[in-house]
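Structure at a glance
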There are 2 protein chains.
Amino acid sequence: MPDRGHFGDRLADRVVHLESVLCVGLDPRGPFPDECTRGLRDDRSGMARAMERYCLGILEAVGDLTAAVKPQVAFFEALGGVGLTALEHVCAAARERGLPVIADAKRGDIPSTAVAYSAAWLGSRAPGEEPLADAMTVQPYLGEDSLTPYLEQCRTRGAGLYVLVRTSNPGADDVQALELARGGRVWQRVAAMVSQAGETLRGRSGLSSVGAVVGLTHPGALAEARRAMPAAPLLIPGFGAQGGVLAEAMPAFTPHPAGGLLNASRSVIEAWRGEPGPWRDAVRSAAEAHRALFWGAVDAAA
Amino acid sequence: MPDRGHFGDRLADRVVHLESVLCVGLDPRGPFPDECTRGLRDDRSGMARAMERYCLGILEAVGDLTAAVKPQVAFFEALGGVGLTALEHVCAAARERGLPVIADAKRGDIPSTAVAYSAAWLGSRAPGEEPLADAMTVQPYLGEDSLTPYLEQCRTRGAGLYVLVRTSNPGADDVQALELARGGRVWQRVAAMVSQAGETLRGRSGLSSVGAVVGLTHPGALAEARRAMPAAPLLIPGFGAQGGVLAEAMPAFTPHPAGGLLNASRSVIEAWRGEPGPWRDAVRSAAEAHRALFWGAVDAAA
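Now for a description of the structure that goes with this document. (Residues numbered from 1 in each chain as written. Chains lettered and ligands numbered in written order. Predicted model: local features only at pLDDT ≥ 70, side-chain atom pairs only at ≥ 80, totals over all residues. Heavy atoms only, no water.)

1. Some points on the overall build of chain A
Across its full length, chain A carries twelve helices and eight strands. For a compact globule of 302 residues, the expected C-alpha radius of gyration is about 19 Å, and chain A comes in at 18 Å, within 12% of that figure. Overall, the C-alpha framework of chain A stretches about 60 × 45 × 40 Å when taken along its three principal axes. Out of the 302 residues in chain A, the part that is buried amounts to 64%. If you take every contact in chain A between residues at least 6 apart in sequence, the share linking residues at least 24 apart comes to 74%. Roughly 10,500 Å² of accessible area belongs to chain A as shown, and the carbon and sulfur atoms make up 52% of that amount. When the 30 positive and 34 negative side-chain charges of chain A are each reduced to one mean point, those points stand 1 Å apart. (Helix = DSSP H or I, 4+ residues; strand = E, 2+ residues; numbered from the N terminus. Rg over C-alpha atoms; globule rule 2.2 N^0.38 Å. Buried < 20%, exposed > 50% of the residue type's maximum accessible area, 1.4 Å probe, protein only. Contact = heavy atoms within 4.5 Å. Areas by Shrake-Rupley, 256 points an atom, 1.4 Å probe, with all protein chains shown as cover. Lys, Arg positive; Asp, Glu negative; His and termini not counted. Charge placed at Lys NZ, Arg CZ, Asp CG, Glu CD.)

See the structure below:
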């Protein structure tokens, strides 16, 4: 067992302790609060510094209300090396608070390259360095062998993995919902692959380290996903702006309250827009409202 | 038409001019030549600087022999922000040489996030900045709407796109080769999606800006891919270490010699290992041997 313990168990303990299945998505879209941009230049370095200040402020506001934070790597990557360095600082700050980080990177490559991606986010990148993230999101299109390096980080370093199974965007059906000759759909076959990959990685909580991304926007999908992946922690986007209905999420919580994390991004981190008062207070209020709302769904499922 | 012209046409001109369909994969795996590590510390910054020197040396050695270079983003990302900054320098150096860069990033996300990824690699990241890359690789699992922001960069900025269709790894069959109820396999359906997405993006060469990754390791796959995507430039991994047979690639060249780029990574960039003499000379010799070998396949297809 790695020093920091099993991912599913760490998540389970935190969820129960905080009574929170909220995952706050760090999708930093400008403009940022004045406090974050003060004194900075309008170039990539300045933008990266503003993004970092914004995310650090959010961590401070929501750190004791959220089960995890999910930085969307794309927004940092769009600023290049300085953006990725800003994200490293945000991850370090979350780690200091004991706040689990799920890197929303959606990486996917052949095994020899996946070794590098898994090291980048879940491994030790240099002697003595802690991993950037507790878990990350990955793509399934390259098949099971492409997941192997990440599974190894789950096994040896207590990392977690969320494989894209059923995404929340309108185009998700194009590939994921194709009907198979042997019955079922592509995403259900992927779900079976994820379940099998996580079979030997269950913790004492009953949850595996190997989870799946299943959007709230497809009626019945969470129930089917839970049947296909009984032990997988589910990461659930699609609430709020994307129109997902909360009751759809209930099957996620059947094995354990931490069986589902409900992501909220803009509705929490941009709650300050147009509001009077300190921006962090608005973010904190929104996070608390989401925490309570989401925990109600867990209670209802119990 | 964007200033730098249409991606497929740029590629077509270069391929014919150099008589080269070689794409040199920049997959920088240590240990690096002594010249690249001299005076550097053994931390992430030092490693990133060594990686940069190594790749700059490769650009110098192969710049007039290769149709494009394909940096594997994972190896830079594994070093964090300093690694990505090193990659930015490598891309800038390639651009100064007029050498097309295909960022092998294999990104894939919902449309609102794909906007950030497409800006990161294909767009202008800040006022006055040139795009890092000419083209990039992306995932198809999230469906057609997830490709839209990249297609927009193709349309407005002369960028190119290579969508993963049939990858070269052993596990590729797990998802890609699933048989569909309506006939055909998942990857063939993805190929049809790619072909349709690129339909309105054909250049005067006949090639589209929207291409596909099709590995050389599946017998008959290139021929089928070409039928399904008549105008798509194909990026073809799997030659050499992965065991692909060169003759399999010939259907790629049917519409145009630039209809296929054959990738070679280790067999070129690590050709110096165990060899006497300057390391760049060994890399250059290997690149020239691959260029001639691959051009022979184009000639044979004509």
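Next, the rest of the story.
2. Focus on the interface of chain A and chain B
The interface is formed by 60 residues belonging to chain A together with 60 residues belonging to chain B. Its largest share of buried area at the contact with chain B, chain A owes to R44(A), E77(A) and Y141(A), together 16% of the area lost on that side. For the interface between chain A and chain B, the tally reads eight salt bridges. One salt bridge connects E77(A) with R107(B), and the closest N-O pair in it is separated by 3.0 Å. Linking chain A to chain B there are 34 residue pairs in polar contact (both at pLDDT 80 or more). If you list the elements that add at least two residues to the side of chain A that touches chain B, you get α4 (73-77), α5 (81-96), β3 (102-107), α6 (111-122), β5 (160-166), α8 (173-176) and α9 (186-198) of chain A. In terms of residue count, the dominant contributor to the side of chain A that touches chain B is α6(A) (seven residues). Split by residue class, the side of chain A that touches chain B holds 30 nonpolar, 14 polar and 16 charged. (Buried area = accessible area lost by both parts, 1.4 Å probe. Salt bridge = Lys/Arg side-chain N within 4 Å of Asp/Glu carboxyl O. Polar contact = N/O pair within 3.5 Å; in protein donor to acceptor, adjacent residues only side chain to side chain. Nonpolar A, V, L, I, M, F, W, Y, C, P; charged D, E, K, R; others polar.)

3. Notes on the sheet that holds strand β5 (residues 160-166) of chain B
Residues and elements named next belong to chain B. Read from one edge of the open sheet, eight strands run β2-β1-β8-β7-β6-β5-β4-β3, paired in parallel fashion. Because the sheet does not close on itself, it has two edges, and the strands there are β2 (68-71) and β3 (102-107). Geometrically, the sheet is characterised by an average inter-axis angle of 30 degrees between neighbouring strands, direction not taken into account. Strand direction decides the pairing type here: β3 and strand β4 (residues 135-138), joined by three bridges, are parallel. Across the sheet, the residue bridging to A103 is M136, located in β4. In this fold helix α12 (residues 279-301) packs onto β1 (22-26) and β8 (260-264), with an angle of close to 140 degrees to the strand it touches most, β1. (Pairing = 2+ DSSP bridges. Axes fitted to C-alpha atoms, helices over the stretch in contact; angles between N-to-C directions.)

4. Focus: the nonpolar core
W121(A), M229(A), L261(A), W121(B), M229(B) and L261(B) are the most contacted members of the largest nonpolar core, which totals 220 residues. For L261(B), the contacting residues outside a window of four places in its chain are L11(B), V15(B), V21(B), C23(B), A67(B), A68(B), I102(B), Y162(B), L234(B), L235(B) and I236(B). (Core = buried A, V, L, I, M, F, W, Y, C linked by side-chain atoms within 4.5 Å.)

5. Looking at the relation of the copies chain A and chain B
By a simple turn and slide, chain A fits onto chain B: the slide is 0.0 Å along the axis, the RMSD is 0.0 Å, and the turn is 180 degrees. The transformation relating the two chain copies, once decomposed into turn and shift, fits a two-fold axis. When the interface residues of chain A are mapped onto chain B, 100% of them are again interface residues, pointing to one common binding face. (Least-squares fit on C-alpha atoms with pLDDT ≥ 70 in both.)

6. Some words on the packing of aromatic side chains
The tally for this structure, following the rule as stated, stands at twelve aromatic pairs over all chains. Ring geometry for F32(A) and Y54(A): centres 4.9 Å apart, planes at 45 degrees, overall tilted. On the criterion of sequence distance, the pair formed by F32(A) in the loop between β1 (22-26) and α2 (34-37) and Y54(A) in helix α3 (residues 44-62) is long-range, its members being 22 residues apart. The interplanar angle of 70 degrees and the centroid separation of 6.5 Å between the aromatic rings of W272(B) and W279(B) together place this pair among those described as edge-to-face. An aromatic cluster is built from F32(A), Y54(A), W272(A) and W279(A), whose rings are joined through pairwise contacts. (Phe/Tyr/Trp six-rings, centres within 6.5 Å; stacked < 30°, edge-to-face > 60°.)

7. Here we look at the pairing of β5(A)
Residue and element names in this part refer to chain A. Burial of β5 is extensive: seven of the seven residues sit out of reach of the surface. Pairing analysis gives four bridges linking strand β4 (residues 135-138) to β5, with the strands arranged parallel. In the sheet register, T137 faces β5, and the bridge partner there is Y162. Between the parallel elements β4 and β5, the chain passes through helix α7 (residues 148-157) in a crossover that is right-handed. As paired elements, β5 and strand β6 (residues 210-214) share five bridges and run parallel to each other. Bridge assignment links L164 to a residue of β6, and that residue is V213. (Right-handed = clockwise from strand over helix to strand, strands pointing away.)

8. Some details on the pattern of salt bridges
Note that side chains of opposite charge can pair when their charged atoms are close. Residues and elements named next belong to chain A. In this structure the tally under the stated criterion is 46 salt bridges over all chains. Of the charged contacts in the structure, one is a salt bridge between R204 and D9, with a shortest N-O distance of 4.0 Å. Of this pair, R204 sits in the loop between α9 and β6 while D9 sits in helix α1 (residues 7-18), and the two are 195 residues apart along the sequence. Given the relative accessible area of 7%, D9 is considered buried. Two residues, D134 and R10, come together in a salt bridge whose shortest N-O distance is 2.8 Å. Placement of the pair is D134 in the loop between α6 and β4 and R10 in helix α1, with a sequence separation of 124 residues.

9. Considering unusual backbone geometry
Following G30(A), the chain continues to P31(A) via a peptide bond in cis, the omega torsion being -5 degrees. One can find P31(A) in the loop between β1 and α2. Here E19(B), not a glycine, exhibits a phi torsion of approximately 50 degrees, which is positive. Among the secondary structure elements, E19(B) is positioned in the loop between α1 (7-18) and β1. Even without being glycine, K106(B) reaches a positive phi, approximately 45 degrees. Within the fold, K106(B) resides in strand β3.

10. Structural notes on the environment of A264(A)
Residue and element names in this part refer to chain A. Here A264 is to be found in strand β8 (residues 260-264). With relative accessibility at 2%, the residue A264 sits in the buried group. Separated by 28 residues in the primary sequence, A264 and I236 have C-alpha atoms spaced 9.2 Å apart. Every residue in contact with A264, bar those within four places of it in the chain, is listed here: L22, C23, V24, G25, H290 and F294.

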